[in-house]
Structures are given as structure tokens and as C-alpha cells.
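Chain by chain, the residues:
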Amino acid sequence: MNATGTFPAGFLWGAATSSYQVEGAVDADGRAPSIWDTFTAGRGMDSGAVACDHYHRWPADADLMAGLNLNAYRFSLAWPRIVPQGTGAVNRAGLDHYDRMVDGLLERGITPVPTLYHWDLPQALQDRGGWTARTTTEAFAEYTEVCLDTLGDRVPVWLTVNEPWVVSVLGYRLGLHAPGERDLRTSLLVAHHLLLAHGVAMERIRERCPDARAGIPLSLFPNYPVSADPADVAAARGSEGYTNRWYLDPVLRGRYPADTWALFERLVGPLDFVQPGDLDLIGTRSDLLGVNYYTRRRIAAAEQDGLPWRVLPAQEGVPVTESGWEDVPAAFHDLLVGLHREYDVPLLITENGGVWNAGPDPDGRVRDHGRVRALHGHLRALSRAVDDGARVLGYLHWSLLDNLEWAEGYAQRFGLVHVDHATQRRTVKDSARYYAAVIAANRVLDPAGHLDGPAGSSADGSPGSAGDDGP
Ligand code: FCB
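Residues numbered from 1 in each chain as written. Predicted model: local features only at pLDDT ≥ 70, side-chain atom pairs only at ≥ 80, totals over all residues. Heavy atoms only, no water.

1. What about the overall build of the chain?
Next up, step 1: Regarding its fold elements, the chain presents 15 helices and 14 strands.
Next up, step 2: Whereas a compact globule of 471 residues would reach a radius of gyration of roughly 23 Å, the chain reaches 21 Å, a difference of no more than 12%.
Next up, step 3: Its C-alpha atoms put the chain at 65 × 55 × 45 Å along the principal axes.
Next up, step 4: Residue burial in the chain is summarised as follows: out of 471 residues, 62% are buried.
Next up, step 5: At a minimum sequence separation of 6, the contacts of the chain that also span at least 24 residues come to 76%.
Next up, step 6: One way to put it: in the chain the 42 positive side-chain charges average out to a point 2 Å from where the 60 negative ones average out. (Helix = DSSP H or I, 4+ residues; strand = E, 2+ residues; numbered from the N terminus. Rg over C-alpha atoms; globule rule 2.2 N^0.38 Å. Buried < 20%, exposed > 50% of the residue type's maximum accessible area, 1.4 Å probe, protein only. Contact = heavy atoms within 4.5 Å. Lys, Arg positive; Asp, Glu negative; His and termini not counted. Charge placed at Lys NZ, Arg CZ, Asp CG, Glu CD.)

Below, the structure is given as C-alpha cells:
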């Protein structure tokens, strides 16, 4: 065990966002609607029409990142800005935006880490079947080529398709995310096409940007049986197949897990949309696995919503975030060590964080101390995983800014930086100042000094006492 809790040299320290959640400017410079514009409008939800206006404010936001010592920024490219109709004509103005942003990040010493697809599918493609249509993966390949040919000379790390499990389950099984469908078989069809999209993107990255490192960001949950009863243990294994292995195994081993395959075929019939050669493509060698970790799942043997396991609510006595998710750093450690042992792939933490809704106190400071404590706990868990052999390339906190939390709207704040959505005023939170100090030291610091003390935040984006605990 490495007692100092330091991180490897060259470690990427950053924060993450996605286009629809932060950009706003939905009509600017030739952008066409995405499925999230349609979905939020149709249900009268908060939309990304303005969001954090990051499309216009990115230079100031990048200054803020640099002031917080971030050396990496994960953002996503909006397909409806770049190829507004999904296929065909490229919108130069949309591409220019990201071209300038990549340059602007590099000028500030920040490594750009773009995600090719973070859920804002062009509505025009949805009108032709969206992810239920295999042709959408061909459209994605075309769009990917455009992105690579424009930005590939400066982008060292590419991420492909964000969280296919969430798209498949929330978008197509539970109807909670765009496009709001509810059918298990369709959700599996969509998951397969998203994995295929990842595969074609990896293939294009290999051809066009052989020096870049690339991989897929997956939402991963450690699944724990609620008891040692073999039925609970089997249920947890089943649930883990559903949330994790259904994505990990094809991407990293080129095959679907047999137990989960058998279960799905029992539930929905033959998975005949999986065609010869698909798994070779999906299994194109990855350089890294993106890990999005928020919470664990506790599982009991019982049927729930047609699946043979039940997800238990938060356990009494276990800390929760303000959205009710269990805040369990030890599960993060278990996940990382498990991934390392099973798949032996370099890991990039592409998301980790939680909801704490604190806003500015009368003195202007945002005391989001739940986030400070959780960040400390998760960074300790991360550093223990590194000590235990996990190869970790970096940590990208979700999120840089309070933003549109999809169907939850603006009510859930995940940011290191507070955004007043009426004025767009940014305020660096205590968590960001703590994080800046950790980055400066390249090791986990005691958060004590960040949980009290004088007002130090600022609305102008300066990181206040960020350097206090530095080396
Ligand atoms: C993940 C999404 C991300 C954000 C976080 C809280 O599932 O990738 O966009 O909404 O959850």
C-alpha cells in the first residue's frame, strides 16, 4: 500500500460535461434539433435551450478550469451541430466551434477529451428509426470521420459512445430518457447498435488517428448480494450481467456473456439482430475503459419489472447524496480492482460525483461540504485501487458546472462550479477549491481546511484558497 496516496506522473485531472447539458445555443450556427430538444419540449421539462450557455462562455469556463489546475476536460461533440441532419452535409460553423475550443484548451494546458456521442442524436435520424435502425451506426461512422479529420491532429484521447446501458434502459425500457420508449427487446436492439457504433468509431480512430488513445465510457455499478444466500448471490450476478458485463464483455472480449444472453433470449426471443462479424468490430482493441461510477446496487432474489432480481433502496445508515444515491467510496475501489483483475485494461475515470445542491451563502461562498467529503472518499478509494495494481490514467469529475441533469432538469446540482441559471454567474464551490489543491499536490489531501475558514469563493472564477494545501 502506497501510504502517500500519490498518483502516477502524467495523471489526467479534470472535469466532465456534455454538449446538451451545458451548451445552450440550440439554434446557433446551423445546429438542428436533437432528440433531447424534442423529448423535453414534448413533456414540458426543463430543456437545454440555454443550459450554462457554455457554447458562448467556454473561453471564460476554460480560464476557470485552468485556475482550478485542471489539466484535462471531457466534453462532448454535438452531432446536430456538426452533421445537423445526421448524414450528408457537414456544418462548418458547428465544427469550427469545437476546433476553436480544442485550440483554446490546449493553449491553457488542458488536454481535450471529447466524447463523440453523449445522447444528443439528431432528430432527423430519430425520424428514420434512431438507434433502432442499424443504418444509424453507418451515419455515426460518417460523423466520426468528420470529427477525426478536423480535430484528430490535436486530440490525444477519444471517447466513443457514452453509457449505452443508460440509453438502452432509461431511453428504451423505462421511458425516462429520450426518446421515451418502453420495451425490453427494443432496448437490447438499441444497446447492440450503440455497441456497434462504438466498434465502428474505434475502427475509424485506429485508421485515422493511430497515435490517439480511445475507449468507451460505461456506467458501471458494483452489484452486491443482500445476503450470502445462494439465491441472492445468483441474483446479484445476474444483475451485474445486465448492467456491466453485457457491455464490458463484447467491448473487451469480443463476446456477449452467455448467462445474460440466455436470460435475454428467454425473455424476448432470439437476439437475431446480432449479425456475423458484429462482435469482431465491437471488440476492436481499446486503449482504455472509461469508468462512470456513482453508486452501488444491492440486489435480492425476487422479480422486479420482469427481471429476476430486485434492486434494494438505500441501506439505512449509509450516507446518501441529495438525490438519494448511496455514497459508497469502498464500492468504487471494489469496482476498479475488479475491472483490473477481470479485464486488465487501463482505466480512465470519465465520471464520478453526486448531487449536493448548496448555493451561495450570504458571504458568497458555496459550502458544498457533502461533495468535499465524497470527493475525498472517492479519491482515497481511487488511490487505494492504484496501489492495488489498477492502471488508472486519470480522474474526470462529473461535473465542471451545475447543468441540465436530463429528466431531472436543473434541480440537481452536480457541479464543482455553481451556476446561477438566471444570470449565468459562476461561483467556485468549496469542493472545487479542495480539488484544485489535490491536483496541485497530485495526492489525496485531508479536506479539513476546506470545510471551514473564511469566505474564499469568488464569482469571477478565481479559485480562492486553491493552493493552500499544495506541495
Ligand atoms: C451519467 C451521465 C451524465 C450525467 C451523470 C449524472 O449517467 O453520463 O451525463 O447526467 O450521469
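On we go.
2. A word on the packing of helix H7 (residues 135-151) against helix H9 (residues 184-208)
Next up, step 1: Between H7 and H9, the shortest axis-to-axis distance is 9 Å and the interhelical angle comes to 35 degrees. Considering the relative orientation of H7 and H9, their crossing is right-handed. Along the contact surface, H7 presents Thr137, Phe140, Ala141, Thr144, Glu145, Leu148 and Asp149, while H9 presents His193, Leu196, Ala197, Val200, Ala201, Arg204, Ile205 and Arg208.
Next up, step 2: By residue class, the composition of the contact of H7 with H9 is eight nonpolar, three polar and four charged. (Axes fitted to C-alpha atoms, helices over the stretch in contact; angles between N-to-C directions. Left-handed = near helix turned anticlockwise from the far one by under 90°. Nonpolar A, V, L, I, M, F, W, Y, C, P; charged D, E, K, R; others polar.)

3. Let's talk about the pattern of salt bridges
Next up, step 1: Following the criterion strictly, the structure yields 33 salt bridges and no others.
Next up, step 2: With a closest N to O distance of 2.9 Å, Asp103 and Arg154 form a salt bridge. Here the residue Asp103 occupies a position in helix H5 (residues 92-107), and Arg154 occupies one in the loop between H7 and strand S4 (157-161), the gap between them amounting to 51 residues.
Next up, step 3: Overall, the relative accessible area of 32% leaves Asp103 in the partly exposed class.
Next up, step 4: For the salt bridge of Arg285 with Asp287, the shortest nitrogen-to-oxygen distance reads 3.1 Å.
Next up, step 5: Of the residues examined, Arg285 reaches a relative accessible area of 54% and is grouped as exposed.
Next up, step 6: Taking the relative accessible area as the measure of exposure, Asp287 reaches 15% and is therefore buried. (Salt bridge = Lys/Arg side-chain N within 4 Å of Asp/Glu carboxyl O.)

4. Let's talk about the pairing of S4
The two faces of the sheet receive side chains in turn, since in a regular strand these alternate between them.
Next up, step 1: Most of S4 is tucked away: five of the five residues are buried.
Next up, step 2: Of the strand pairs in this sheet, strand S3 (residues 111-117) and S4 are connected by two bridges, and their pairing is parallel. Considered in S4, the bridge of Tyr117 is made with Val161.
Next up, step 3: Of the strand pairs in this sheet, S4 and strand S5 (residues 213-215) are connected by three bridges, and their pairing is parallel. (Pairing = 2+ DSSP bridges.)

5. Topic: the sheet that holds strand S10 (residues 310-311)
What holds strands together in a sheet is hydrogen bonding between their backbones, with the strands either parallel or antiparallel.
Next up, step 1: The three strands are arranged S7-S9-S10 in an open sheet whose pairing can be described as mixed. Both outer strands of the open sheet, strand S7 (223-225) and S10, are each paired with one neighbouring strand and no more.
Next up, step 2: Bridge analysis of strand S9 (residues 297-300) against S10 gives two bridges, and the strand direction is antiparallel. Bridge pairing links Ala300 to Arg310 in S10.

6. Some words on the sheet that holds S4
Next up, step 1: In space, the nine strands of this open sheet follow the order S5-S4-S3-S2-S1-S12-S11-S8-S6, with parallel pairing throughout. A single partner strand is all that each edge strand has here, and the edge strands are S5 and strand S6 (217-219). On average, each strand axis in the sheet is tilted by 25 degrees relative to the strand beside it, whichever way the strands run.
Next up, step 2: Relative to strand S12 (residues 392-398), strand S11 (residues 347-352) is paired through three bridges, and the arrangement is parallel. Bridged to Leu347 within S12 is Val392.

7. Considering the site of the ligand
Next up, step 1: Close contacts around the ligand come from Gln21, His118, Trp119, Asn162, Glu163, Tyr294, Glu351, Trp398, Glu405, Trp406 and Phe414, and that covers them all.
Next up, step 2: Take Trp406: an N or O atom from its side chain is 3.0 Å from an oxygen atom of the ligand.
Next up, step 3: Looking at the shell around the ligand residue by residue, the class counts come to five nonpolar, three polar and three charged. (Near = heavy atom within 4 Å. Polar contact = N/O pair within 3.5 Å; in protein donor to acceptor, adjacent residues only side chain to side chain.)

8. Focus: the environment of Trp158
Next up, step 1: Tracing the sequence through the fold places Trp158 in strand S4.
Next up, step 2: A C-alpha to C-alpha distance of 33 Å links Trp158 and Val366, two positions 208 residues apart in sequence.

9. Comments concerning the nonpolar core
Next up, step 1: By size, the foremost hydrophobic cluster in this structure holds 135 residues, and its most contacted members are Phe140 and Trp158.
Next up, step 2: Ranked by residues supplied to this core, first place goes to H9 with 13 residues. (Core = buried A, V, L, I, M, F, W, Y, C linked by side-chain atoms within 4.5 Å.)

10. Focus: the confidence of the model for the chain
The predicted coordinates should not be examined in detail at positions where pLDDT is low.
Next up, step 1: Of all residues in the chain, 95% have pLDDT values of 70 or greater, and the mean over the chain is 95.
Next up, step 2: The model gives residues 455-471 a pLDDT under 50, and that stretch makes 37 contacts with residues more than four places away or in other chains. (pLDDT = per-residue confidence, 0-100.)

11. Examining H9
Next up, step 1: For H9, built from 25 residues, the straight-helix expectation of 36 Å at 1.5 Å per residue is met to within 8% by its first-to-last C-alpha distance of 36 Å.
Next up, step 2: In terms of burial, H9 is largely enclosed, as 20 of its 25 residues are buried. (Expected span 1.5 Å × (residues − 1).)

12. Things to note about the packing of aromatic side chains
Next up, step 1: In this structure the tally under the stated criterion is 31 aromatic pairs.
Next up, step 2: Taking the centre distance of 4.8 Å and the plane angle of 10 degrees together, the rings of Trp79 and Tyr143 count as stacked. Separated by 64 residues along the polypeptide, Trp79 in helix H4 (residues 79-82) and Tyr143 in helix H7 bring together distant segments of the chain.
Next up, step 3: A relative accessible area of 0% places Trp79 in the buried class.
Next up, step 4: According to the relative accessible area criterion, Tyr143 is buried, its value standing at 0%.
Next up, step 5: With 6.2 Å between their ring centres and 65 degrees between their planes, Trp131 and Phe140 make a pair best called edge-to-face. Like Trp131, the residue Phe140 is buried in the burial classification. (Phe/Tyr/Trp six-rings, centres within 6.5 Å; stacked < 30°, edge-to-face > 60°.)

13. Describing unusual backbone geometry
Next up, step 1: A cis geometry characterises the amide bond from Ala178 onward to Pro179, with omega recorded as 5 degrees.
Next up, step 2: Even without glycine at this site, Ala51 takes up a positive phi of about 50 degrees.
Next up, step 3: Inspection of the secondary structure puts Ala51 in the loop between helix H2 (35-43) and helix H3 (54-67).
Next up, step 4: With relative accessibility at 3%, the residue Ala51 sits in the buried group.
Next up, step 5: Positive phi outside glycine occurs at Trp406, with the angle close to 50 degrees.
Next up, step 6: With respect to the helices, strands and loops of the structure, Trp406 is situated in the loop between S12 and strand S13 (417-419).

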